[in-house]
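This is what each chain is made of:
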Amino acid sequence: MDKKKVKPVVQKIIGSIIFILLLALVLLLLSYWFAPSKSEDITMQDVKPNGVLAEPDQTLDVLLFGDSEAYTAFSPVQMWKEQGFPSFVCASSSQYISLTESFVHQSLDHQSPKVVILETNAFYRKMRSDNALITRLENMFSILQFHNRWKTMSPLRLDKNVSYNWKDDMKGYKYAKLTTKGKNKEYMVKTDEIEPIQKKNTQYIERIVQYCHDKGVKVLFVSTPSSKNWNYKRHNAVAALAKKTGADYLDLNLEKSIQIDWQTDTADAGDHLNFRGTKKVCSFLGEYLYKTYQLEDKRNDPAYSEWNNLIDKYERLTAEN
Amino acid sequence: MKITSYISVAYLAIFLPASILLYTIVPKKARPFVLLTASFVFFWFISEFLIVYLLISILSIYLLALCLDKLKKQRSAALAAAASKEEKKAIKSKNGSKQLAVVIVGVLINIGILAVLKYSPFLFTNINLFFRLTHSKLAVEVPNFLAPIGISFYSLQAVSYIHDVYKEKIQADKNIARVALFMSFFPILMEGPICRYSDTAEALYSGERLHYRNLTFGAQRLAFGAFKKIVIADRLNIIVTTIFKDYEAYDFDGGLILLGAILYTIELYMEFSGTIDVVIGSGEMFGVTIPENFRQPFFSKSITEFWQRWHITLGTWFRDYIFYPVTMSKPMKKLTKNARKKLGRDYGPMPASIIAFFCVWLCNGLWHGAGWEYIFFGMYHFVLISLGSLILPLSNTVLGKLKIDRNKWPYKVFCIVRTALLVCIGEMIFNSRGIKDSLRMLRIMFTQFSFKSLFDGSILSIGLDAYDIIILFVAIAIVFVVGIIKEKGKSPRQLIAAKPIFVRWPIYIGLVVFVVVFGAYGAGYLPIDPIYASF
Amino acid sequence: MDRLIEILEDIQPDADYETCTTLIDDHILGSLQIISLVAEIEDEFDITIPTVEIKPENFNSAQSLMAMIERLEDEG
């Protein structure tokens, strides 16, 4: 290579390296800025589960976690109406079990429920553990994880203390009005086969159960009725995991007395329940929880008068069913 | 590794850099094979063993083109030896029909695979429907095939190659590796653009070394494409999905449905053109100029012009391989000649072109998907374009009488807004869940039109908060400004490159930071499959 | 050449065909005009214009059109 050419090439290479380093530096600084002050103080990035943080401390007796199966199947106000115990659904769509863990930690800082419920559909959501490089990049540049906090942080205070005052009148439940007919086919065919849960997910679940038990909170796995997502192989795997971790397990798909009619009770042909299905599930689950965990009926407790006021609004919102 | 989109960490941070690195460290002669290997690996990642279909296509066009080449040589040899004019004529016609047969075989193989994989379920479902309507007890089983992603794109490339060899626009390639690379170059595999052999084959196979300028300019285009997709399209997807899926449940009025149509159109544009930016930017990094697929489509003043600026390579494909062959066929030429005598200058070419438009738009609709809503979408544009051509002479007279100047800005703005609205309605049909659904949405739009739900806060209840809306406005404004600069014939990248370093670098870094911070990804946003990859 | 200009003017009156070299690029001739044009030229000069010849290089100016016509006449 002749000398004249060498200089620009070297210049360009050095220039590119400086540029890339500069970009990395900016991203690292942003990562520092955006990262929550305490590691456990991860914001619940979805709006609905954030509502639990606005509930008064030590008022909730049941906390429910999971994905869209959970927020369409569990309606705290419905269960309050019937049994009188306060609960909250901290579910977000396509929730990863890792996110569940941080939600559990965050809400148990403020609440001491009798029982924590984990909806089991999220157990099978595969986390991207197969790509170590991406996970490492994400850890280093945590801006990739926390970037959505720009909505909640105030730029001047470099926000390390978010105040949560948004309350959800549905207590985390998402009202599904539509009906899309499904088929009443037997999807829970008994078998001894097992559909294994991803190893990484299992570790997270075990950690969550341990954390709750350490705090003296019981854990119940619940499989909501879903002809599309659930089957007996999954039931077997979750039952085994419950046994191993010391959690309780309730598979609503096997409770014939709920009488889910897949022609009328589902919003999307067997994937999620609609309000009609939710009511059936909540009547059953409410009674089950009330009896199994000896919950108190707080409907006459003046401290919970606000809950009674919610019933009216709830009935208006769901009136058409 | 699984790659589902070009705008993903897997592609942008791993696959593409690895390919570039490998490309540059091997000797020049091996470079095309690095690209070819990378392309096949890429195809394997997304479609696994369905790669067989791609290999069949490549092999078929390679061999048939050589076959054509041989026939052409035979013809010239025979013509040189022939003495009389009659003899020459006989040779030409015999050889010509042989060549035609080869082309037909090529088209049948390539379009045939596409048709069987993509359209037979649709066809069989409708046959059953017909049986049921006629109370026949007959029923056929509806097949279910897996089609590789991108088949609609590379099949059209295959047809263009065979056709161009037949018409002697290009020479048959004796190197199968070059044909394979032309068909499968990994950036264009999933969502096009539909390239011609004469556009890309040479450059792909040349093994040109990497250039600093190509790399940096390509990288900038990648970042801008990611910006369009992650900040705008993925954010809009939330609200658009809700409107299109649950408009009945929420009781939306016509105003909100129209808003949904407009937002979906913006989403589709940002998503598709953003991906194409990444595709062209990737090509640029290897020194390959991939043809542009968009030219600021929303500045179009008519539907015809819109299709010259939106998905350009599909439009020119239909123009060159359907529109002109139909209008220039013998019977159509005759029709035009007679029609000109009877209907005059303006309307003379109408009958032939309306027939050709019909073929083009039927194919265009079907190309986008096997479903009646897509055919409806095609027919909608067929009617608009045909009406546009029919009305043009009339509207010229009316405008002249009203003394409205076509070239003044008020009329231009009127045309642009009108065209954009018509396009949005078309895309609404396109995105509906079926023909009934699209008709229902159209009915609500026109019979229950009001702006009420735009202002009573309904918008904020369907997935986006005020922050998201601000970001959307800012980001769309940026794309709009870039569009204006390009429309004026300038290159935004060159303008920035001419600036001093302390202006240039903050712009580049700012763009990346904007995507990272304000992108609609991560918890709370679902990853979205690319819209155009399924075609 | 005069015959060609005549045909062009009959098809699309407002353009200067003697000098213009961007008939296609500037959208002076749209696809409809091209269809008419091909039909007329074929009739007038008694040739067949194959579809491969329908490309911007051939249709951008009257000169290039004429060159194409002459070439096709020779091949005839």
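Residues numbered from 1 in each chain as written. Chains lettered and ligands numbered in written order. Predicted model: local features only at pLDDT ≥ 70, side-chain atom pairs only at ≥ 80, totals over all residues.

> Honestly, the overall build of chain C in this entry has me stumped. Any pointers?
For chain C, the helix and strand inventory stands at 4 helices and 0 strands. In sequence order, the secondary structure elements of chain C are arranged as α-α-α-α. If one aligns the C-alpha atoms of chain C with their principal axes, the spans along those axes are about 30 × 25 × 20 Å. Relative to its 76 residues, chain C shows a buried fraction of 28%. (Helix = DSSP H or I, 4+ residues; strand = E, 2+ residues; numbered from the N terminus. Buried ≥ 20, exposed ≤ 12 C-beta atoms within 10 Å, placed from the backbone.)

> Hey, could you run me through the interface of chain C and chain B in this one?
For interface size, the figure often reported is the accessible area lost on association. Counting from both sides, the interface comprises 13 residues of chain C and, opposite them, 18 residues of chain B. Of all the elements in the fold, those that place two or more residues in the side of chain C that touches chain B are helix 1 (2-11) and helix 2 (31-45) of chain C. No other element matches the 8 residues that helix 2 of chain C contributes to the side of chain C that touches chain B. Here the side of chain C that touches chain B is composed, by residue class, of 7 nonpolar, 3 polar and 3 charged. (Contact = placed C-beta atoms within 7 Å. Nonpolar A, V, L, I, M, F, W, Y, C, P; charged D, E, K, R; others polar.)

> Just checking my understanding: could you explain the domain arrangement of chain B for this structure?
Residue and element names in this part refer to chain B. You can read the domains of chain B as domain 1 (50-209), domain 2 (210-294 + 432-535) and domain 3 (312-378 + 390-419). Here domain 1 and domain 3 have C-alpha centroids that lie 27 Å from each other. Secondary structure elements with two or more residues in the side of domain 1 that touches domain 3: helix 4 (85-133) and helix 5 (151-166). A class-by-class count of the residues in the side of domain 1 that touches domain 3 yields 7 nonpolar, 4 polar and 1 charged. (Domains from an automatic or database assignment.)

> Just to check I follow, could you spell out the sheet that holds strand 4 (residues 218-223) of chain A for this structure?
Where strands meet in a sheet, backbone hydrogen bonds hold them as pairs that are either parallel or antiparallel. Residues and elements named next belong to chain A. Spatially, the 5 strands line up as an open sheet ordered 2-1-3-4-5, and their pairing is parallel. Every other strand in the sheet has two partners, leaving strand 2 (87-91) and strand 5 (248-251) as the edge strands with one partner each. Adjacent strand axes in the sheet meet at a mean angle of 20° when their direction is disregarded. Helix 9 (residues 232-245) contacts strand 4 and strand 5 of the sheet and is inclined by roughly 160° relative to strand 5. (Pairing = 2+ DSSP bridges. Axes fitted to C-alpha atoms, helices over the stretch in contact; angles between N-to-C directions.)

> How should helix 10 (residues 254-285) of chain B be read in this particular structure?
One turn of an α-helix holds 3.6 residues; hence residues three or four places apart share an orientation. Residues and elements named next belong to chain B. Along its 32 residues, helix 10 runs 46 Å from first to last C-alpha, staying within 8% of the 46 Å computed at 1.5 Å per residue. Taken across its 32 residues, helix 10 has 28 buried, putting it largely inside the fold. One or two positions beyond helix 10, positive phi appears at G287, with a value near 80°. (Expected span 1.5 Å × (residues − 1).)

> Is there a simple way to think about the arrangement of the chains in this case?
The top pair by number of contacts, from a total of 2 pairs of chains in contact, is chains A and B. These two, chain A and chain C, are apart from each other, with no contact and a minimum C-alpha gap of 39 Å.

> Could you clarify how one ought to interpret the confidence of the model for chain B in this entry?
Interpretation of this model should avoid reading the predicted coordinates in detail wherever pLDDT is low. Mean pLDDT over chain B stands at 88; residues scoring 70 or higher make up 95%. For chain B, the element scoring lowest by mean pLDDT is helix 18 (residues 452-455) of chain B, at 70; helix 6 (residues 176-184) of chain B scores highest, at 95. (pLDDT = per-residue confidence, 0-100.)

> It is not clear to me how helix 6 of chain B should be interpreted in this structure. Could you clarify?
Taken as a whole, helix 6 of chain B has its buried residues at V179, A180, L181, F182, M183 and S184 of chain B. Residues of helix 6 of chain B that are buried sit in contact with helix 2 (31-47), helix 3 (51-81), helix 5, helix 7 (186-189) and helix 8 (197-206) of chain B.

> I would appreciate a short explanation of unusual backbone geometry in the present structure.
For residues that are not glycine, phi is negative in most cases, and the peptide bond is trans in most cases. Of note, the amide linkage connecting G192 of chain B to P193 of chain B takes the cis form, showing an omega dihedral of 0°. Here P193 of chain B lies in the loop between helix 7 and helix 8. Even without a glycine there, the phi angle at Q58 of chain A is positive, about 50°. Along the chain, the position of Q58 of chain A falls in the loop between helix 2 (47-50) and strand 1 (62-66). Look at Q58 of chain A and you get exposed, because 10 C-beta atoms sit within 10 Å. Unusually for a residue other than glycine, Q296 of chain B sits at a positive phi of about 40°. Its location among the elements puts Q296 of chain B in the loop between helix 10 and helix 11 (303-309). For Q296 of chain B, a count of 17 C-beta atoms within 10 Å translates into the label partly exposed.

> Just checking my understanding: could you explain the packing of helix 15 (residues 372-402) of chain B against helix 16 (residues 409-431) of chain B for this structure?
Residues and elements named next belong to chain B. Taken N-terminus to C-terminus, the directions of helix 15 and helix 16 make an angle of 160°; their axes are 8 Å apart at the nearest point. On the basis of their axis angle, the class for helix 15 and helix 16 is roughly antiparallel. Crossing of helix 15 over helix 16 shows right-handed handedness. Counted together, E373, Y374, F376, F377, Y380, H381 and L384 of helix 15 and L422, G426, I429 and F430 of helix 16 form the full contact between these two elements. For the contact of helix 15 with helix 16, a count of residues per class yields 8 nonpolar, 2 polar and 1 charged. (Parallel < 35°, antiparallel > 145°, perpendicular 65-115°, else oblique. Left-handed = near helix turned anticlockwise from the far one by under 90°.)

> Quick question: what am I supposed to make of the pairing of strand 2 of chain A here?
Taken residue by residue, a regular strand's side chains alternate between the two faces of the sheet. The buried fraction of strand 2 of chain A amounts to 5 of the 5 residues, a majority that puts the element mostly inside the structure. Along strand 2 of chain A, one buried face is formed by S87, V89 and A91 of chain A and the opposite face, lined by F88 and C90 of chain A, is buried too.

> In this structure, what is going on with the pairing of strand 1 of chain A? I would like to understand it.
Residues and elements named next belong to chain A. Of all 5 residues in strand 1, 5 are buried; the element is thus mostly enclosed. With burial as the criterion, each face of strand 1 is covered, one bearing V62, L64 and G66 and the other bearing L63 and F65. As paired elements, strand 1 and strand 2 share 5 bridges and run parallel to each other. Across the sheet, V62 pairs through a bridge with S87, a residue of strand 2. Bridging between strand 1 and strand 3 (residues 115-119) involves 4 bridges; their strand directions are parallel. Opposite V62, over in strand 3, you have V115 as the bridge partner.

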